[in-house]
Each structure stands twice: as structure tokens, then as C-alpha cells.
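# Residue-level structural notes
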Amino acid sequence: MPFGLIQMPLWEYFKLCWTRQMHRECTPLEGATCGAASVAISAAITTPLDVAKTRIMLSSTSAEKEEVKISTMLKEVYKDHGVKGNLKQQKQLQSRITKYFVKMGPLF
């Protein structure tokens, strides 16, 4: 599932909710804050799937069909590394994209 497929509609939704609540358009800083929140939520959803996908792509081509299922990979990572294993690299992703929104916010 592409990150942007979740993140962009969430960002627009958060900006719409903010506009309705405040009865005015979002400022660039408020838009960036909405973007940061949408990034955090999107990363929490997509990062575990990316971890599983990467493990599947790196798995042996002779692996059993059961071994290369996303659910199997997620369970394996959870068993070996806990929740942190499935959310590996989420902080870096959130940090990079949040910086982008803060920098580019006025353009949106």
C-alpha cells in the first residue's frame, strides 16, 4: 500500500477539519502540523507492511509458499523483535517527511 495513498487524503481531511473548527483557512504552520500528523499515522500503517515486503523480497526463492506471506513475515518479525521490529525506520521516515511539510507548507 503506497504511503501517499493514505497520507495525502489524511492531510487534506485534517486541514478541512481544522478549517471547519476555526472558521478560517489554515495558516502554513497549521497546514504543516496537519501534514505532520498525517505522516505519523500513515507511517504507523505502512511501515510494518514495508518491513514485511522487504523481508519477502530478500527471502530465498526456494522458500515455501507459506513462508513468504505478509502475515507470516509480520508474525516472524514480531516474534523476533517485538513491535519495534515492525516499526523499524518509522522515526526516520516521519522526520524526513515532516521536515518536507514544514519547508514546503507555504507552497500548498
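Owing to the predicted nature of the structure, the values given are computational and were not obtained by experimental measurement.

## Re the packing of aromatic side chains
- Counted according to the given criterion, the structure contains one aromatic pair.
- Arranged with centres 6.1 Å apart and planes meeting at 50 degrees, the rings of Tyr13 and Phe14 form a pair that is tilted.
- Here the basic side chain of Lys15 rests over the ring of Trp11, its NZ or CZ set 4.0 Å away from the ring centre.

## A word on the pattern of salt bridges
- Per the stated rule, a full pass over the model turns up two salt bridges.
- Two residues, Glu12 and Lys15, come together in a salt bridge whose shortest N-O distance is 3.6 Å. Remark: Lys15 and Glu12 occur in helix H1 (residues 3-22); sequence separation between them is three residues, near one turn of the helix.
- Residue class for Glu12 comes out partly exposed when judged on its relative accessible area of 43%.
- For Arg24, the salt bridge identified is with Glu30, shortest N-O distance 2.8 Å.
- Glu30 gets classed as buried once you look at its relative accessible area, which sits at 13%.

## Some words on unusual backbone geometry
- With a phi close to 60 degrees, His23 is a non-glycine residue in the positive phi region.
- Following the sequence through the fold, His23 ends up in the loop between H1 and helix H2 (28-58).

## Notes on the packing of H1 against H2
- Running from N to C, H1 and H2 point in directions that differ by 145 degrees, and their axes come no closer than 8 Å. Crossing angle aside, the handedness with which H1 passes H2 is right-handed. Two secondary-structure elements touch here, H1 through Phe3, Ile6, Gln7, Leu10, Trp11, Phe14, Lys15 and Trp18 and H2 through Glu30, Gly31, Cys34, Gly35, Ala37, Ser38, Val39, Ile41, Ser42, Ala43, Ile45 and Thr46.
- In terms of residue class, the contact of H1 with H2 is built from twelve nonpolar, six polar and two charged.

Basis of the calculations
Residues numbered from 1 in each chain as written. Predicted model: local features only at pLDDT ≥ 70, side-chain atom pairs only at ≥ 80, totals over all residues. Heavy atoms only, no water. Phe/Tyr/Trp six-rings, centres within 6.5 Å; stacked < 30°, edge-to-face > 60°. Lys NZ or Arg CZ within 6 Å of the ring centre and 35° of its normal. Salt bridge = Lys/Arg side-chain N within 4 Å of Asp/Glu carboxyl O. Helix = DSSP H or I, 4+ residues; strand = E, 2+ residues; numbered from the N terminus. Buried < 20%, exposed > 50% of the residue type's maximum accessible area, 1.4 Å probe, protein only. Axes fitted to C-alpha atoms, helices over the stretch in contact; angles between N-to-C directions. Left-handed = near helix turned anticlockwise from the far one by under 90°. Contact = heavy atoms within 4.5 Å. Nonpolar A, V, L, I, M, F, W, Y, C, P; charged D, E, K, R; others polar.

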